[in-house]
Amino acid sequence: MRIPAGLRRAGLPYLLLLPALALELLVHLVPMVIGIVMSFKDLTRLHIGDWGTAPWEGLGNYRVTVDFDAPVGATLLHSFLVTCAFSVLSVGLCWLLGTAAALFLQEDFRGRGLLRAVFLTPYALPVYAAVITWAFMFQRDNGLVNHVLHDQLHLTDGRPFWLLGDHSFAALLVVCVWKTWPFAFLVVMAGLQSIPKELYEAAALDGAGMLRQIRRITLPSLRPLNQVLVLVLFLWSFNEFNTPYVLFGKAAPEAADLLSIHIYQSSFVTWNFGTGSAMSVLLLLFLLVVTAGYLLATSRGRKHADD
Amino acid sequence: MRILRAATITATVTALAAVASGCGGGTSPGGGSDDAPGTLTYWASNQGPNVEADKKILGPELKKFERRTGIKVRLEVVPWPELLNRILTATTSGQGPDVLNIGNTWSASLQATGALLPWDKKNFDAIGGRGRFLAPALDATGAAGKDPAAVPLYSLAYALYYNKQMFKDAGISEPPATWDELVADGKRIAKGGKWGLGAEGGQLTNNIHQAFVLGKQHGADFFDGSGKPAFTSDGAVAAVKQYIDFMAKDKIIAPGNAEYGQNQSLRDFATGRTAMVLWQAAATTFAADGMKPDEWGVAPVPVPSGTPGTGRQTNSMLAGINIAVFKNTHNLHGAREFVKFMTSDAEQRLLNKTYGSIPPVTAAQRDPAFDRQDTRVLRDTLTRSATPLPQVAEESQFETSVGTAIKDLFADAAAGHPVTTASVTARLAKAEQQMAQ
């Protein structure tokens, strides 16, 4: 039987997509589904040897994780709020620093290439090496940070702890922003290349100053790019794991207890994969809602701007 | 489409948990066969200064084993931070080594997974019987009343290391035998930038080891007879408070030690900033930091009465490495032969000597290498006054929850917040609630 030409033409793109789809299923969706299945099981050390035998828990794991009066739920909520604050600050700072640096480096001047390379170093360094260096710098007694802040500048009364207690949030934020802002810098820099020079020339003829040019030409032109950049930065910082893990070890201080670390603790360290999966699924749902909401809101905004 | 992709990115965290337990999952029910009699895979823990050193030390021994039995051993040295996760992954997938080293505190937890070959009488007889091993070391091979999940391989205990010159400068002639003496000595030394005692406040396992021993001395166990956590008993609270008070009240530990987690306290000791540390076999580390062997002395860890013994005079947790056989091995006979080889008198002498540990095989302890000033203290502690950590399946949870509680209390003390019986009880109560999940 011959397949009608119309159907053949319509089917071709799907056929070409098939390998990608199969891999997508294998790499992303299958583990996700398994994770979701696990979240309904009582999967502890007694069953990991043959986890098909783990008893079904129904919604038990979820009930434990969202019971905010009990310790498990309460610490999860705390960790969630810490992560939200951390993500908002981290995304904001990364974007601000990246955009500012990219704008300054638009002008052609001697040493621009060198500066660009220097700015990108944190992004190119291996995470572990970079973060462990920060961990040493943040040490209370022998660290560089306290040496500068306390011994040289006399800004603090005593030597503060940076890796313990409330200051750990600031320490974590500094390291994460330091590590991630070059990405924002790189993306914005690439975006700036695509803005036609004529626009600026025309604006300059009309008497628009530097700030006005940025506000009226640069930022609107970067809008689609920023939409993606902010989303990616947000997802990265919300799921940040390596930095706090290297900085604080297995037990992050309460002030810097990010969700990924918290979930890792609740599953790997305590061998309770059911609860850990339930938390992961909740995190996934939250991020889905945020992402969908964000894309809807920003896309609609763009359509209005296009009118 | 973009939403879908973004969603899948966010799934990484889910995948983290899922991948580890998702791929595979095929433990064959009976476990163990003799399908592949010619080879063995062995995961060794990192006992030497680094992984390469371990390969050099174990390589010739494995060749010796091959010459005797014709079995080729594929060696992989797994660093400590990865070892437990690797074992968990192997357990989940059923794809693991034939023989492996485990920290002896994990024995009961791993026993509960059912992934390790139980050492019943028949298996033990194949390697010369239980009687060859030190009794307390056998206690650290699994839950009481069950067949051990592993066999003791290297044993270690805590000792008090002190800086001879700093003691002399302060006019102290003898190392302290009781805690009162230790605090008094510490106070005499702790001035002008020097400190009495070092601690590793950010290292959860170390916190647990110290609190466990002090708990024993206060007549408290962190788990009751039925294996339920009992962190807030008077004795447990007093033990933890005593440890924190070395910093908070006695001020013989430098506040900065609250954040130490990478053995900085050993460095401080080697560079003459602190006069004492409580540690297991620290000799090689001191040497690496440039301290000569005659500059430090070793004494038993203090006890209330001054004479270490059992019960309330316990002065060390029984630390060490066990060797286990993975239940799914395809070379059961060879695996048993290999364990027999590794626990033979000759190998025990040689390997423990090289690694600075003490053989859990009593016959091997008679070597003069275990009768030097430092090893004698460790050996005597092991045989007379060391007790294994609670052999319960929740051991790793215990380490995390109580270890974190102590870390937080150290942070309080370092920041100058008062540490009271009430505040210690509150932290421990929180740790106990976390165990209940």
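Structure's up top.
Here's what I pulled together on the structure shown here. (Residues numbered from 1 in each chain as written. Chains lettered and ligands numbered in written order. Predicted model: local features only at pLDDT ≥ 70, side-chain atom pairs only at ≥ 80, totals over all residues.)

### Points about the overall build of chain B
- Counting its regular elements, chain B contains 18 helices and 11 strands.
- Here chain B has a C-alpha radius of gyration of 23 Å; the compact-globule value for 437 residues is 22 Å, and the two agree.
- When the backbone C-alpha atoms are referred to their principal axes, chain B occupies close to 65 × 65 × 45 Å.
- By residue count, 53% of the 437 residues in chain B fall in the buried class.
- In chain B, of all internal contacts separated by at least 6 residues, the share reaching a separation of at least 24 is 75%. (Helix = DSSP H or I, 4+ residues; strand = E, 2+ residues; numbered from the N terminus. Rg over C-alpha atoms; globule rule 2.2 N^0.38 Å. Buried ≥ 20, exposed ≤ 12 C-beta atoms within 10 Å, placed from the backbone. Contact = placed C-beta atoms within 7 Å.)

### Thoughts on the packing of helix H4 (residues 112-124) of chain A against helix H7 (residues 167-193) of chain A
Residues and elements named next belong to chain A.
- Running from N to C, H4 and H7 point in directions that differ by 125 degrees, and their axes come no closer than 7 Å. Overall, the two elements H4 and H7 adopt an arrangement that is oblique. Remark: the crossing between H4 and H7 carries left-handed chirality. Between H4, through Phe119, Leu120, Pro122 and Tyr123, and H7, the contact on the second element is made entirely by Trp178, Lys179, Pro182, Phe183, Phe185 and Leu186.
- Across the contact of H4 with H7, the residue classes tally to 9 nonpolar, no polar and 1 charged. (Axes fitted to C-alpha atoms, helices over the stretch in contact; angles between N-to-C directions. Parallel < 35°, antiparallel > 145°, perpendicular 65-115°, else oblique. Left-handed = near helix turned anticlockwise from the far one by under 90°. Nonpolar A, V, L, I, M, F, W, Y, C, P; charged D, E, K, R; others polar.)

### Quick notes on unusual backbone geometry
- The backbone of His154 of chain A sits at a positive phi, close to 55 degrees, despite the residue not being glycine.
- Turning to its location among the elements, His154 of chain A is positioned in the loop between helix H6 (144-152) and H7.
- Here Lys251 of chain B, not a glycine, exhibits a phi torsion of approximately 55 degrees, which is positive.
- Its place among the elements puts Lys251 of chain B in the loop between helix H11 (234-248) and helix H12 (264-270).
- A tally of 17 C-beta atoms within 10 Å means that Lys251 of chain B is categorised as partly exposed.

### With respect to the environment of Ser233 of chain B
All names here are of chain B.
- Relative to the elements of secondary structure, Ser233 occurs in the loop between helix H10 (204-217) and H11.
- Classification of Ser233 as partly exposed rests on a count of 18 C-beta atoms within 10 Å.
- Taking C-alpha positions, Ser233 is 43 Å from Asp345, a pair spaced 112 residues apart along the chain.

### Topic: the nonpolar core
- Residues Tyr161, Val240 and Val402 of chain B are the most contacted members of the largest nonpolar core, which totals 180 residues.
- Looking at this core element by element, the count peaks at 11 residues for H7 of chain A.
- Each of two domains, domain 1 (32-156 + 319-387) and domain 2 (158-317 + 394-435) of chain B, supplies a minimum of three residues to this core.
- Ignoring anything within four residues of it in the chain, the contact list for Val402 of chain B reads Ile208, Ala211, Phe222, Phe231, Leu428 and Ala431 of chain B. (Core = buried A, V, L, I, M, F, W, Y, C linked by C-beta atoms within 7 Å. Domains from an automatic or database assignment.)

### Section: the sheet that holds strand E3 (residues 99-103) of chain B
Residue and element names in this part refer to chain B.
- Here 5 strands make up an open sheet; going across it, the order is E2-E1-E3-E10-E4 and the pairing mixed. If you trace the sheet from one side to the other, it starts and ends with strand E2 (72-78) and strand E4 (151-156), each paired once. Ignoring strand direction, the axes of neighbouring strands in this sheet form an average angle of 20 degrees.
- For E3 and strand E10 (residues 319-325), the ladder comprises 5 bridges, and the chain directions are antiparallel. Opposite Ile102, over in E10, you have Asn322 as the bridge partner.
- Each of strand E1 (39-45) and E2 is contacted by helix H3 (residues 51-69), which is oriented at about 165 degrees to E2, the strand it contacts most. (Pairing = 2+ DSSP bridges.)

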